[in-house]
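# An overview of the molecular structure
Chain residues, written in single-letter form:
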Amino acid sequence: MPKDTSIRSVLIIGSGPIIIGQACEFDYSGSQAALSLKEEGIEVSIINSNPATIMTDKIIADHVYLRPLTVDSIEQILIERKIDAVLPTMGGQTALNLCKEAEERGVWEKHGVRVIGVDVAAIEKTENRECFRQLMVDIGVGVAPSKIANSFLEGKEAAQEIGYPLVIRPSYTLGGSGGGFVHKKEEFDAALKRGLEASPTHEVLVEKAVLGWKEYELELLRDSNDNVIIICSIENFDPMGIHTGDSITVAPAMTLSDTCYQEMRNQAIKMMRAIGTFAGGCNVQFSVNPDNDDIIAIEINPRVSRSSALASKATGYPIAKIASKLAIGYNLDEIENQITKTTSAYFEPTLDYVIVKIPRWNFDKFKGANMELGLQMKSVGEVMAIGRSFIEALQKACQSLEIGRAGLGADGKHNRSIEEIMHGLEHPSWNRLFLIKDAMSMGVPLESIRKVTRIDKWFLSQIQELVQLETELKRYSLNNLPKEFFFTLKQKGFSDIQIAYLLGNVTEDEVYDRRKSLGIKRVYKMVDTCAAEFAAKTPYYYSTFEDENESIPSDKKKIIVLGSGPNRIGQGIEFDYSCVHGLLAAKESGFESIMINCNPETVSTDFNMADKLYFEPVFWEHVREIIELENPVGVIVQLGGQTALKMAEKLHEIGVKIIGTSYNDMDIAEDRGRFSDLLKELEIPYPKYGVAENAEEAIVVANEVGYPVLVRPSYVLGGQGMSIVINDEDLEKAVVKLLGDLPGNRVLIDHFLDRAEETESDSICDGEDVHIVGLMEHIEPAGIHSGDSFAVLPPFSLSAKVMESMETYSKKIARALNVIGLLNIQFAVKDEQVYVIEANPRASRTVPFIAKAYDVPYINIAAKIMLGVAKLKDFTIERKLEGYAIKEPVFSYDKFPEVPKELGPEMKSTGESIRFIKDLEDPYFRKLYKDKSMYLSK
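Structure report, in brief. Note that the structure is predicted; figures quoted are calculated from it, not measured.

## A look at the state of the cysteines
Following the criterion strictly, the structure yields 0 disulfides and no others. Lacking any disulfide linkage, Cys 99 is separated from the closest cysteine sulfur, that of Cys 282, by 14 Å.

Structure representation (structure tokens):
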């Protein structure tokens, strides 16, 4: 069936600010859907309150509404834009819940708007736990024994009937919020109370826990002709008992028998057909008994899910793009395969490689948090790696995490306490994968590990092979290491750093030079959806060690953009937003744009965004070899946060041009001593400071600059390791801990300006002229991390003198640092005196917020200046903000109820929203202003 021509205008509902359980995968899905519908000539409107996303950029939709995600906001847009249809499947649980609420209030019917991509009835069938259970029983799909409970008494009765262990699943929640396992009767009352309170309908499912069973997911698409295809099978490395968002996952499924897989396919298709007749996508989760292959259904999500983004990047099949075309009437066989360009979308991808996803946690930000993993999701991001084998992909994924690991072990960071290791295997946390390897290295039998973890023996045997290879490697020196064995090590994912560590007394560079002399180098394979059955047109690559290289460099001038890696607190989606604009600016300026990143949730790793995508770890060895292959004009490090900036020194050392501000000038800003000397020379006030390399030096410095002091490491983001201390004893503890967590770092000690206001500026400099992007005033005082502060644009209570000083200092510093591109400066203001706290010559988390508030493409402008193709005078910049814009931090404390909610110098927020007000009499603003007055008077 061709496109439904009655649909001329579509509203896409976004997912709002980033929270744990609902992250930037919906930015990717929403952006892809909007562009897909625009291709069809449909007018696209988007509602979303998140300013940090590409989805809310004008390059994505015809009309972007940065408004609170409420039914009232949606109804205003329906009237204003004369919307024909709404697509609620790209905005996670938030969008589905809003769609359901609008249906119940009669909004869709009142305005003649169709819901596409899902049936509203399907939302109820899948989100209401009792409806789902009964439907599965009716169609003959197995489910775990369970009972619904709407009260404490009903829950107690259900538990008594079903028996322990139990799982409590609240209805209509995201990321397992409020859910959990109950192993014994004494734990039940508290768990039931938590679940009932978490559910917006005060309803939970009390279900028999199938702990230790294997967990799988299938991603499905269906068209209006009822054709259904399976895009990808995903297997959880971790068994049932850990939320799938916190599980290591593998695609395609590795340990499924063919008969079990075929039965799972049949059941998934039956489930999708049973919940409704809509055309679109579905995610289905199953559990399989490892003893007899019995299958039970866990849940079905009639929308794009977290795993949909992963499946899209894993297979090259753009699920959200195709799902949005199916929603407007197309059938699968009428849509072009986006990669081959010669076949239709009516096919199931075939993988001749393996992908591994590992979650990224930020427990360090939540002091006192329960770090044991369970039914409630706790990770803040994820990485994906592609390899020819499971173990190669697993090692690459470990290198992608940016937690200081060079792969899966073999890097000197192993745990040698057998008690800690065995406890960690039984009580899974962020490091269980590494503890499995440590246990094997210490001789713990594989079967003992299997019994404790219930992880499939096949996965464990793959990890054990690494231990055997390491033992063999220690027999050699670098010079007598056989080429064949060296090649095997690289095929198994070992990094040069790991090999250097295992050999001893050699460096990473020496290992690199030796293997190059032996002709052992990476080759790059194309992700083509069809295992090379058809020729692919999309340049989307991963590395491995084989003979044939499929990535042939062109003779065009190239720019490489280094991505920001996994989402984490302090480095989130705003840096991916900046990277995407860097790619687009490079394309528009006539360069071939090349992206290196490892985050499957993001728009930057959409193969349509760059001319060439390398889905690789942002890890020195991988980046270096891509640069050697492509020979770019230069590399952009300014846009990818601290991940990319940390590569600047090594790039500089091997003579690679850094686009924009030079490495030396960036280093001045990062080196507190050099930067303070610069401020002194420029006659710009700054707090007294000192630098220490141990606790004894720190105490001397602190007494010189005067307590209270702000203690922090250099070269970190998101306030990592920062604290405010008031005496020698607390200072010694803080420094010892900081140097233990970040060995080799230096400690910066600044006099802390108590009860000072905090402000910041963002600016663009082309080496001569400076444009002030925006000045912001924080509600919270200095001492609260800027990412956790409410920020108001433009300032509302600063004097003209203070704002003039901020602008003057910004311009002076930009010129003194020879900034080419972006500069963020944070100030403290006390008694009308403006002090510079720090300067960052890179993209900040606030530039996307300012760009959306003023409706100016600041990152694109800055990128073109970095590339040397434009000056500030070439742009006409017109700001369009009427009134004020407020950046609102959003937290995920509901995942860590045991953690104190006190804010400080270390960032804790997971996302942000934007809110516009017309004047300072707005009631919302008056409350913020009252808060500010209270903070400053304390």
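There's plenty left to go through after this.
## Focus on a negative patch on the surface
The grouping of Glu 693, Glu 696, Glu 697, Asp 728 and Glu 732 at the surface amounts to a negative patch. At the level of secondary structure, the elements contributing two or more residues to the negative patch comprise α26 (695–705) and α27 (728–741). Glu 697 gets classed as partly exposed once you look at its relative accessible area, which sits at 35%.

## Considering the pattern of salt bridges
Following the criterion strictly, the structure yields 58 salt bridges and no others. Between Glu 628 and Arg 624 there is a salt bridge whose closest N-O contact spans 3.8 Å. Separated by 4 residues within a single helix, Glu 628 and Arg 624 lie in helix α21 (residues 620–630), roughly one turn from each other. Residue Arg 624 is classed as buried on the basis of its relative accessible area of 13%. When salt bridges that share partners are traced, they join Lys 490, Asp 496, Asp 509, Arg 515, Lys 516, Arg 522, Glu 621, Arg 624, Glu 625 and Glu 628 into one network.

## Examining the sheet that holds strand β28 (residues 770–781)
Reading across the sheet, the 7 strands line up as β31-β30-β27-β28-β29-β32-β33 and stay open at both edges, with antiparallel pairing between neighbours. At either margin of the open sheet sits one strand with a lone partner, and together these are β31 (833–840) and β33 (911–917). Pairs of neighbouring strands in the sheet enclose a mean axial angle of 25 degrees, with direction left out of account. The pairing of strand β32 (residues 884–890) with β33 spans 7 bridges and is classified as antiparallel. Note that in β33 the partner of Ile 886 across the bridge is Arg 915.

## Brief notes about a nonpolar patch on the surface
On the surface, a cluster of nonpolar side chains totalling about 260 Å² of accessible area is made up of Met 371, Ile 403 and Trp 430. The topology assignment puts Trp 430 in the loop between α13 (418–426) and α14 (432–441).

## Focus: the side chain of Lys 313
Among the structural elements, Lys 313 can be located in helix α10 (residues 306–315). Buried within the structure, Lys 313 lacks any salt-bridge partner; its nearest side chain of opposite charge belongs to Asp 606, at an N-O separation of 6.6 Å. At 3.0 Å, the side chain of Lys 313 forms a polar contact with the backbone oxygen of Pro 600.

## Let's talk about the pairing of strand β16 (residues 381–387)
β16 sits mainly inside the fold: 7 of its 7 residues count as buried. The side-chain alternation of β16 yields two buried faces, one formed by Gly 381, Val 383, Ala 385 and Gly 387 and the other by Glu 382, Met 384 and Ile 386. Across 7 bridges, the pairing between strand β15 (residues 354–360) and β16 is antiparallel. Each residue of the ladder has a partner; that of Lys 357, found in β16, is Met 384.

## Side note on the environment of Val 120
Here Val 120 lies in helix α5 (residues 120–127). For Val 120, a relative accessible area of 17% corresponds to the buried category. Along the sequence, Val 120 and Leu 96 sit 24 residues apart, while their C-alpha atoms lie 8.5 Å from each other. Filtering out sequence-adjacent residues up to four positions away, Val 120 remains in contact with Cys 99, Glu 103 and Val 115.

## Brief notes about the environment of Asn 505
You can see Asn 505 is positioned in the loop between α18 (496–503) and α19 (508–517). Asn 505 sits 124 residues away from Leu 629 along the chain, and the two C-alpha atoms are 29 Å apart.

## A look at helix α20 (residues 573–588)
Compared with an ideal rise of 1.5 Å per residue, which puts 16 residues at 22 Å, α20 spans 23 Å between its outermost C-alpha atoms and is within 8% of the ideal. Counting buried positions over the 16 residues of α20 gives 14, a clear majority of the element.

## Some details on the pairing of strand β14 (residues 295–301)
Within β14, 7 of the 7 residues are buried, leaving the element largely enclosed by the surrounding structure. Sheet topology note: the strand β13 (residues 280–288)/β14 ladder contains 6 bridges and is antiparallel. Within β14, the position partnered with Val 288 by the bridge is Ile 295. Counting the residues that bridge the hairpin from β13 to β14 gives 6 residues, and of these Asp 293 lies at a positive phi of roughly 65 degrees.

## Some points on the sheet that holds strand β25 (residues 723–725)
The strand order β23-β26-β24-β25 describes an open sheet built from 4 strands, whose pairing is antiparallel. With partners counted over all chains shown, the strands left at the sheet margins are β23 (689–692) and β25, one partner each. Put simply, the sheet's adjacent strands are angled 25 degrees from each other on average, direction ignored. Both strand β24 (residues 709–713) and strand β26 (residues 747–751) contribute to a ladder of 5 bridges, which runs antiparallel.

## Regarding the nonpolar core
Within the largest apolar cluster, 175 residues are counted, with the highest numbers of intra-cluster contacts made by Ile 12, Tyr 317, Ile 358, Leu 562, Val 637 and Leu 651. Not counting chain neighbours up to four residues away, the residues in contact with Tyr 317 comprise Leu 221, Ile 229, Ile 231, Ser 312, Ile 322, Leu 332, Ala 345, Phe 347, Pro 349 and Thr 529.

## Some thoughts on helix α24 (residues 663–670)
A large share of α24 lies buried, amounting to 7 of its 8 residues. Among the residues of α24, Tyr 663, Asp 665, Met 666, Asp 667, Ile 668, Ala 669 and Glu 670 are the ones counted as buried.

## What to know about the packing of α5 against helix α6 (residues 129–139)
Put simply, α5 and α6 touch, their axes get as near as 5 Å, and they point 90 degrees apart. Classed by the angle they form, the pair α5 and α6 counts as roughly perpendicular. Packed against α5, whose contacting residues are Glu 124, Lys 125, Thr 126 and Glu 127, the element α6 presents Arg 129, Cys 131, Phe 132 and Leu 135 at the interface. A class-by-class count of the residues in the contact of α5 with α6 yields 3 nonpolar, 1 polar and 4 charged.

## Description of unusual backbone geometry
Here Tyr 707 and Pro 708 are connected by a cis peptide whose omega angle stands at -5 degrees. Residue position: Pro 708 is located in the loop between α26 and β24. A cis geometry characterises the amide bond from Leu 793 onward to Pro 794, with omega recorded as -15 degrees. With respect to the helices and strands, Pro 794 occurs in the loop between β29 (791–793) and α28 (800–816). The phi torsion at Asn 631 lies on the positive side, around 50 degrees, for a residue other than glycine.

## As for the packing of aromatic side chains
Counting across every chain of the model gives 20 aromatic pairs. Taking 6.3 Å as the distance between ring centres and 80 degrees as the angle between the ring planes, the aromatic pair formed by Tyr 164 and Phe 188 counts as edge-to-face. On the criterion of sequence distance, the pair formed by Tyr 164 in the loop between α7 (152–162) and β7 (166–170) and Phe 188 in helix α8 (residues 188–198) is long-range, its members being 24 residues apart. Residue class for Tyr 164 comes out partly exposed when judged on its relative accessible area of 28%. The interplanar angle of 20 degrees and the centroid separation of 4.3 Å between the aromatic rings of Phe 366 and Phe 896 together place this pair among those described as stacked.

## Focus on the packing of α24 against helix α25 (residues 672–682)
When two helices pack together, you describe them by how their axes are tilted relative to each other and by the distance separating the axes. Remark: α24 packs on α25, axes separated minimally by 5 Å, with the N-to-C direction vectors making an angle of 90 degrees. The angle between α24 and α25 falls in the class roughly perpendicular. Where α24 abuts α25, its residues Asn 664, Asp 667, Ile 668, Ala 669 and Glu 670 lie against Arg 672, Arg 674, Phe 675 and Leu 678. Classifying every residue of the contact of α24 with α25 gives 4 nonpolar, 1 polar and 4 charged.

## Quick look at the environment of Leu 11
Along the chain, Leu 11 falls in strand β1 (residues 9–13). Residue class for Leu 11 comes out buried when judged on its relative accessible area of 0%. Separated by 71 residues in sequence, Leu 11 and Lys 82 place their C-alpha atoms 9.8 Å apart. With residues up to four places along the chain from it excluded, the contact list for Leu 11 reads Ser 45, Ile 46, Ile 47, Ile 74, Ile 77, Leu 78, Ile 83, Ala 85, Val 86 and Leu 87.

About the criteria used
- Residues numbered from 1 in each chain as written.
- Predicted model: local features only at pLDDT ≥ 70, side-chain atom pairs only at ≥ 80, totals over all residues.
- Heavy atoms only, no water.
- Disulfide = S-S within 2.5 Å.
- Patch = residues over 30% accessible without salt bridge, like charges linked within 9 Å, V, L, I, M, F, W, Y side chains within 5 Å.
- Areas by Shrake-Rupley, 256 points an atom, 1.4 Å probe, with all protein chains shown as cover.
- Salt bridge = Lys/Arg side-chain N within 4 Å of Asp/Glu carboxyl O.
- Lys, Arg positive; Asp, Glu negative; His and termini not counted.
- Charge placed at Lys NZ, Arg CZ, Asp CG, Glu CD.
- Helix = DSSP H or I, 4+ residues; strand = E, 2+ residues; numbered from the N terminus.
- Buried < 20%, exposed > 50% of the residue type's maximum accessible area, 1.4 Å probe, protein only.
- Pairing = 2+ DSSP bridges.
- Axes fitted to C-alpha atoms, helices over the stretch in contact; angles between N-to-C directions.
- Polar contact = N/O pair within 3.5 Å; in protein donor to acceptor, adjacent residues only side chain to side chain.
- Contact = heavy atoms within 4.5 Å.
- Expected span 1.5 Å × (residues − 1).
- Core = buried A, V, L, I, M, F, W, Y, C linked by side-chain atoms within 4.5 Å.
- Parallel < 35°, antiparallel > 145°, perpendicular 65-115°, else oblique.
- Nonpolar A, V, L, I, M, F, W, Y, C, P; charged D, E, K, R; others polar.
- Phe/Tyr/Trp six-rings, centres within 6.5 Å; stacked < 30°, edge-to-face > 60°.

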